[in-house]
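Now for the letters of each chain:
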Amino acid sequence: MDLTNMISNGTEETQVPEQKLTKEEYAAKKQQEREEVWAEVDAQAQDVFQKGEKLKGFLDFMAECNTQRTPNLLLIYGQHPDFKVVRSYERWREEHRSVKAGEHGITYMISTEYEKDGEMRRGYTIGKGFDISQMSGKPLEERPQRSLTELVGAVLKDQSVRVQIEDNLPDKVQAQYNPRYRTIYIRNGMSEVTTFHALNRELACAALDQHTGTYSRQKVSAQAYCAAYVIAKRYGVDVTGFNLERIAQMQEYGKKDPQELRNFLNDIRQASYTIRNHVERNFGAKEQEFTTDEFAIADPIKTPESKMEKPSGKEKKTKTQPER
């Protein structure tokens, strides 16, 4: 019997008993803790836009990290940019993993659910997060390498928006999403790398279309450009054609309001996750196999009442109409 997850050996962080606080003192303490964490998030949001190389580092991290809320992405990156799969201690325990001796968690926002006024609501609490490298158990499988042809096929398969080849696009227009027709028009004959980037950029635009009639390409094009970069980095596609310095400059090198910068990063996150989930769902889908039906429908059972007696041939025929 493995007692690793049943007996504490001090591998997880020791919780020091707190002095008893009044309800008001406890609330004030938690509020201060939240304010400090959000100050750290905002500072990190401003820092990643200070120059193109810093933004590149953060987007590279986003490409490799498991799905997270934007504040957590910034928190993790600021503390341990080499972490790739971060979860709370409770989540890891559900997967029967325990913290290795000597490892310590990082500041992390843990999603919670609570009931208020008869409704279930979502919130968060400040806790500790741990990377897969800090946990015992089998390491995660390496992501398989895919060819560009496979990647483009996975991106296109079962898309929620229409993708149409358009031979009459204006010069220097590789592809473009049209919100009115929910269609991406794309130039044929481009290189595989350019096709992949242009397709993902326009899919990111489509993902950021709220379908409220307020879509503006100008407002989402920079975020979509960054999302295409994130997707390319995740799947090992060449990204030398991207110019992230221009994006940092557009964000005034991090001098904009932190909330605005976080919203910008959240758009990149949302769009790239939409494409990423679609691709990985298609790569994970198994081909349809024909198997014996466990619940096959049997032929109808003939009962004596349902059986018709055959005429013996010796009986007289009953006339239904007078003979002429």
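Going by the structure above, here's the rest.
Here's what I pulled together on the structure shown here. (Residues numbered from 1 in each chain as written. Predicted model: local features only at pLDDT ≥ 70, side-chain atom pairs only at ≥ 80, totals over all residues. Heavy atoms only, no water.)

If you tally the helices and strands in the protein chain, you get nine helices and six strands. Per-residue burial for the protein chain yields a buried fraction of 37% across its 324 residues. Of the contacts made within the protein chain by residues no fewer than 6 positions apart, 64% connect residues no fewer than 24 positions apart. In the structure as shown, the protein chain presents an accessible area of about 22100 Å², 48% of it carried by carbon and sulfur atoms. (Helix = DSSP H or I, 4+ residues; strand = E, 2+ residues; numbered from the N terminus. Buried < 20%, exposed > 50% of the residue type's maximum accessible area, 1.4 Å probe, protein only. Contact = heavy atoms within 4.5 Å. Areas by Shrake-Rupley, 256 points an atom, 1.4 Å probe, with all protein chains shown as cover.)

In this section: the environment of Asn 66. You can see Asn 66 is positioned in the loop between α2 (52-64) and α3 (70-79). Along the chain, Asn 66 and Arg 87 lie 21 residues apart, while their C-alpha atoms are 9.1 Å from each other. For Asn 66, the residues in contact, after removing those within four places along its chain, are Lys 84, Val 85, Val 86, Arg 87, Tyr 273 and Arg 276. One polar contact links Asn 66 to Gln 68, side chain to side chain, over a distance of 3.0 Å. Within the local environment of Asn 66, its side chain forms a polar contact with the backbone nitrogen of Val 86, the two atoms lying 3.1 Å apart. (Polar contact = N/O pair within 3.5 Å; in protein donor to acceptor, adjacent residues only side chain to side chain.)

Summarising the element assignment, Tyr 273 is placed in helix α9 (residues 258-284). Here Tyr 273 falls in the buried class, since its relative accessible area comes to 7%. Taking the C-alpha atoms as reference, Tyr 273 lies 9.6 Å from Ala 207; in sequence the two are 66 residues apart. Beyond its immediate stretch of four places on either side in the chain, Tyr 273 contacts Asn 66, Thr 67, Gln 68 and Leu 73. One polar contact links the side chain of Tyr 273 to the main-chain amide nitrogen of Gln 68, over a distance of 3.1 Å.

Strand direction decides the pairing type here: strand β1 (residues 86-88) and strand β3 (residues 119-131), joined by three bridges, are antiparallel. Each residue of the ladder has a partner; that of Ser 88, found in β3, is Gly 129. Adjacent in sequence and paired antiparallel, strand β2 (residues 106-116) and β3 are bridged by two residues, among which Asp 117 carries a positive phi angle near 55°. (Pairing = 2+ DSSP bridges.)

Here the focus is helix α7 (residues 217-234). In this model, α7 (18 residues) spans 25 Å end to end at C-alpha, consistent with the 26 Å of a helix rising 1.5 Å per residue. By the largest-angle criterion, Gln 223 marks the main kink of α7, which is about 25°. Of the positions making up α7, those classed as buried are Val 220, Ala 222, Gln 223, Ala 224, Cys 226, Ala 227, Ala 228, Tyr 229, Val 230, Ile 231, Ala 232 and Arg 234. Packed against the buried residues of α7 are α2, α6 (192-207), α8 (244-250) and α9. (Expected span 1.5 Å × (residues − 1). Bend = angle between axes of the 7 residues up to and from the residue.)

In short, the description is geometric, and any link to function would need to be established separately.
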